[in-house]
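# Tertiary structure, described
So the chains spell out like this:
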Amino acid sequence: MSRDGLAPRVVEFCEELRAEGLKVGTSELLDAFSALDAVPWTEPTDFREALAATVAKSQEDRRIFELVFDRYFFRAAEAEALEREVREERRYEGADRLDLDQLREAIRQAIADGSDGEMRDAARLAIAAFGRQGEGSGVVGVDVQRIRRTLGLQASGRDGAEREGPALDREQIQAFERHLRRELERALIERTEKMPPSRPLAELDRALPTSPTQDLAAVHRAVTQLKRRLATLGHEQRGRRRGAAVDMRRTMRASLETGGVPLRLRYRPKHPRRPEIYVLCDVSTSVTSASVFFLSVLHALHDSFRKLRSFVFIERISEVTDVFERERDFRAISQRISREGGVADVSGYTDYGRVWLEFLEEIADDLDPRSTVIVLGDARTNGREPHAEVFARIAERAGRTFWLNPEPRLYWNYGDSVMAAYERHCTKAFECWTTQHLENFVNVVAGGAAAVE
Amino acid sequence: MTPEPPLDSVADVKLALAEVGYLADERAALVAYLAQQLGKPVLVEGPAGVGKTELAKAVSRATGRALIRLQCYEGLDEAKALYEWNYRKQLLRINAQQHQGPDASPPPPAGEPGKGGRATPWDEIFSEEFLLTRPLLEAIASEQPVVLLIDEIDKTDQEFEAMLLEVLSDFQISIPELGVIEARTHPIVLLTSNNSRELTEALKRRCLYLWLDYPEVEREMEIVRLHAPELDESLARRLVEVIHMVRQLDLKKPPSIAESIDWARALLLLGADQIDRPLFEPTMSIIVKHRTDIDLVAERIGVQLGTPPELEAAG
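Fair warning: this is a prediction, and the values are worked out from it, not measured in the lab.

Counting secondary structure elements, chain A contains 17 helices and six strands. Residues counted as buried form 45% of the 453 residues belonging to chain A. In chain A, of all internal contacts separated by at least 6 residues, the share reaching a separation of at least 24 is 72%. Summed over its atoms, the accessible surface of chain A is roughly 24,300 Å², and 50% of this surface lies on carbon and sulfur atoms.

What follows deals with the pairing of strand β2 (residues 308–313) of chain A. Residue and element names in this part refer to chain A. Across the six residues that make up β2, a large majority, six, are buried. As judged from the six bridges shared by strand β1 (residues 277–282) and β2, these two strands associate in the parallel manner. In the sheet register, Asp 282 faces β2, and the bridge partner there is Phe 313. Pairing between β2 and strand β3 (residues 317–319): three bridges, direction antiparallel. Directly across from Phe 313, in β3, lies its bridge partner Ile 317. Adjacent in sequence and paired antiparallel, β2 and β3 are bridged by three residues.

The next point concerns the packing of aromatic side chains. Residue and element names in this part refer to chain A. According to the stated counting rule, one finds 25 aromatic pairs over all chains in the structure shown. Residues Trp 403 and Tyr 422 carry aromatic rings whose centres are separated by 5.1 Å and whose planes lie at 15° to one another, so their mutual orientation is stacked. Of this pair, Trp 403 sits in strand β5 (residues 400–405) while Tyr 422 sits in helix α16 (residues 419–423), and the two are 19 residues apart along the sequence. Residue classification places Trp 403 among the buried residues on the basis of a relative accessible area of 0%. Owing to a relative accessible area of 0%, Tyr 422 belongs among the buried residues under this scheme.

Bringing helix α5 (residues 87–100) of chain B into the picture now. Residue and element names in this part refer to chain B. With 14 residues, α5 ought to run about 20 Å at 1.5 Å a step, and its terminal C-alpha atoms sit 20 Å apart, in line with that. Turning to α5, its buried residues are Gln 90, Arg 93 and Gln 97. Summarising the axial view, the buried residues of α5 lie within an arc of 60°, below the 170-degree limit, and thus occupy one face. Structural note: α5 exposes Arg 88, Leu 91, Leu 92, Gln 98 and His 99 on the side pointing more than 90 degrees away from its buried face.

Before going further, it helps to spend a moment on the interface of chain A and chain B. The partner chain B presents 24 residues to the 27 residues of chain A that form the contact. One can count four salt bridges joining chain A with chain B. Close ionic contact of A:Glu49 with B:Arg27 constitutes a salt bridge, the shortest N to O distance being 3.3 Å. Remark: the boundary between chain A and chain B carries seven residue pairs in polar contact (both at pLDDT 80 or more). At six residues, the largest contribution of residues to the side of chain A that touches chain B is made by helix α2 (residues 26–38) of chain A. Residue composition of the side of chain A that touches chain B, by class: seven nonpolar, eight polar and twelve charged.

We now examine the sheet that holds strand β6 (residues 428–431) of chain A. Residues and elements named next belong to chain A. Judged by pairing direction, the sheet is mixed, and its six strands sit side by side in the order β3-β2-β1-β4-β5-β6 without closing on themselves. Of all strands in the sheet, those with a lone pairing partner are β3 and β6, marking the two edges. Across this sheet, the average inter-strand angle for adjacent strands is 20°, counted without regard to direction.

Another point: the environment of B:Ser196. Residues and elements named next belong to chain B. Its location among the elements puts Ser 196 in the loop between β8 (188–193) and α9 (201–205). Its relative accessible area of 30% is what places Ser 196 among the partly exposed residues. A C-alpha to C-alpha distance of 9.7 Å links Ser 196 and Pro 47, two positions 149 residues apart in sequence.

Leave glycine aside and you will find that most residues have negative phi; peptide bonds, for their part, are mostly trans. With phi around 50°, A:His387 is a residue other than glycine that occupies positive phi space. Even without a glycine there, the phi angle at B:Glu152 is positive, about 55°. With respect to the helices and strands, B:Glu152 occurs in the loop between β5 (146–151) and α8 (158–170). For B:Glu152, a relative accessible area of 22% gives the class partly exposed.

Time to look at the pattern of salt bridges. Applying the stated criterion to the full structure yields 31 salt bridges over all chains. When the shortest N-O distance is used, the salt bridge between A:Glu423 and A:Arg409 registers 3.5 Å. Of this pair, A:Glu423 sits in helix α16 while A:Arg409 sits in the loop between β5 and α16, placing them 14 residues apart in sequence. Judged by relative accessible area, which is 26%, A:Glu423 ranks as partly exposed. For B:Arg237, the salt bridge goes to B:Glu218, with nearest N and O atoms at 3.2 Å. On the criterion of sequence distance, the pair formed by B:Arg237 in helix α11 (residues 233–248) and B:Glu218 in helix α10 (residues 217–227) is long-range, its members being 19 residues apart. Given a relative accessible area of 29%, B:Arg237 falls into the partly exposed group. Via salt bridges that share partners, A:Arg48, A:Glu49, A:Arg62, A:Glu66, A:Asp70 and B:Arg27 belong to a single interconnected network.

Calculation rules
Residues numbered from 1 in each chain as written. Chains lettered and ligands numbered in written order. Predicted model: local features only at pLDDT ≥ 70, side-chain atom pairs only at ≥ 80, totals over all residues. Heavy atoms only, no water. Helix = DSSP H or I, 4+ residues; strand = E, 2+ residues; numbered from the N terminus. Buried < 20%, exposed > 50% of the residue type's maximum accessible area, 1.4 Å probe, protein only. Contact = heavy atoms within 4.5 Å. Areas by Shrake-Rupley, 256 points an atom, 1.4 Å probe, with all protein chains shown as cover. Pairing = 2+ DSSP bridges. Phe/Tyr/Trp six-rings, centres within 6.5 Å; stacked < 30°, edge-to-face > 60°. Expected span 1.5 Å × (residues − 1). Arc of directions from axis to C-beta. Salt bridge = Lys/Arg side-chain N within 4 Å of Asp/Glu carboxyl O. Polar contact = N/O pair within 3.5 Å; in protein donor to acceptor, adjacent residues only side chain to side chain. Nonpolar A, V, L, I, M, F, W, Y, C, P; charged D, E, K, R; others polar. Axes fitted to C-alpha atoms, helices over the stretch in contact; angles between N-to-C directions.

Laid out in structure tokens, this is it:
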């Protein structure tokens, strides 16, 4: 590729980045070009880094950049190869005769060593050896998973102890999967001699890292930013009722002492005791991956809204407002909730129906049209009675009811999810598994217009 | 320090940084190189203690430029960052002139001639003579090329960021009474941020972006050995491995690179030859600084290290 050939490619690449939501302006593009002028752009790392430094302006951007970069330039190279009819000759003809166990060991070794080139070779070997049985499904993702299963690759971690062979680093395995995917795509392109249509990044690829041991910091950062936004919104509303209102009735009462002359004014209490937001958070196993996210959302809400009572539930419900008010540290909170939340002692299956009953019993008197109920959960009842009518009563008494579901809308009402039964009674139900969704929701709660999705 | 020849390639930059004691990875070296070539400011983000500020210092040492540092904090304003009029001196001048009488005013030593051909007191007292330069103006007005470090930009408010835009994109500062002061030389600008809030798009747009993360084992080992050269290699490796294990835990404040270096030096002082539990527990306060963190680390790592030394649990 000559330099002239490169310029349109870079522009095209930036277009793709824009399509994925990066804010790549003309000035970034110009910067990218002057940066590419300054580095030897034939060096792959320099090229990539120079582009990244000028175009991706946050860590999140950078993650998307990497994904798009791989996708775009891989496709570009393949398209070029198709055009010039470059083909790779079959290399691993003897693969069928290879001893499977031996191969498994070799691949394991390559993954453990972690060298890029070796992993690529290993991926090809694996495809040649395992992919051939049944000729591949034609769907890359399915093939990758099948090969991975056949190889028995297991990441080290929770239950890594009883696996045969040494456990492998999770990231290394992911790297290997990327190679597999790429080689399979390459083979597919060669076979069909045309480019598959370009797919946008799956929303899930860029969703929040939610597994607890993973990047808690990322969730935190997102929530901190959210907090800031919420904080400014709160002030505005607090400011309006700063002056104390005179309580006429009590003032008149008091004036009787002084012969009907109201000498002493009585005021209404400044801060009504009654909390206005009730949050119910599902912490059962079906939402394990989302519950860290949810708890941090709760945490953020607690910091921002004074009048907030929060509950966690699995089979039964348990109030955790205290925990949030006493502890400032998020990690301590999640530990305490799992320890003394009072929900750990049950089966671990959510019972929404029972939760509504208990909630209503406990809270009924406090619910009024000014209160907002927010439910964080997946509405998966494990086949138990959903008691939608009880939920309806709750929704009726409360002013507003919102439901945040950690599953994509697509999965609602599949399996044991009874989302539709509850959604009817909600003011609005949201899917919520990225900070974007969360912000959207916050805008609605804070009274603003919902951002365009 | 004599100014060194300009650095012409990424490898040169990396080498030059290494010479002044900063082991940059590919990314950091490339961005440092681009910053110099393109004359664009660099926004460096990353967790605390990965050497963001140190990078700026190293760039200053490597290029032989003076370092001008602006430490940001909440409530930082123009008067402390850009310039301020030295009003005491201005008052004195006005006083002095009134005593001498308006006719007898001698031509001011450094004042600009007024627009009417003769300097009026008002023109005089708003001349550079009465200007107190603050870091940003100092960097812009410096005769020698400098490195400007704007540290922890995320601590300031958005208004301050907006004010920075003029400096960062055009390298100039407008002072209403004086006009525009343009940079005489092109400073290398580094901004650091701990990512405690999202910076504005406008600011990001004007910067190159660099995310610094904790280094991998190999590089961190090099760094530790660079700063504590007497430390035995296998001990250094063990130390870095332990540090990495600690970082894996969910801590309030994971140990930074500076803290691994401190710990290495402490081990040297103690004459330790391996890291086991009896050594780890009393010295771990060097790397973890929170009560709850200490408990967690003692529980998780201390156990893994094991009391009987000899062979490590996880090598």
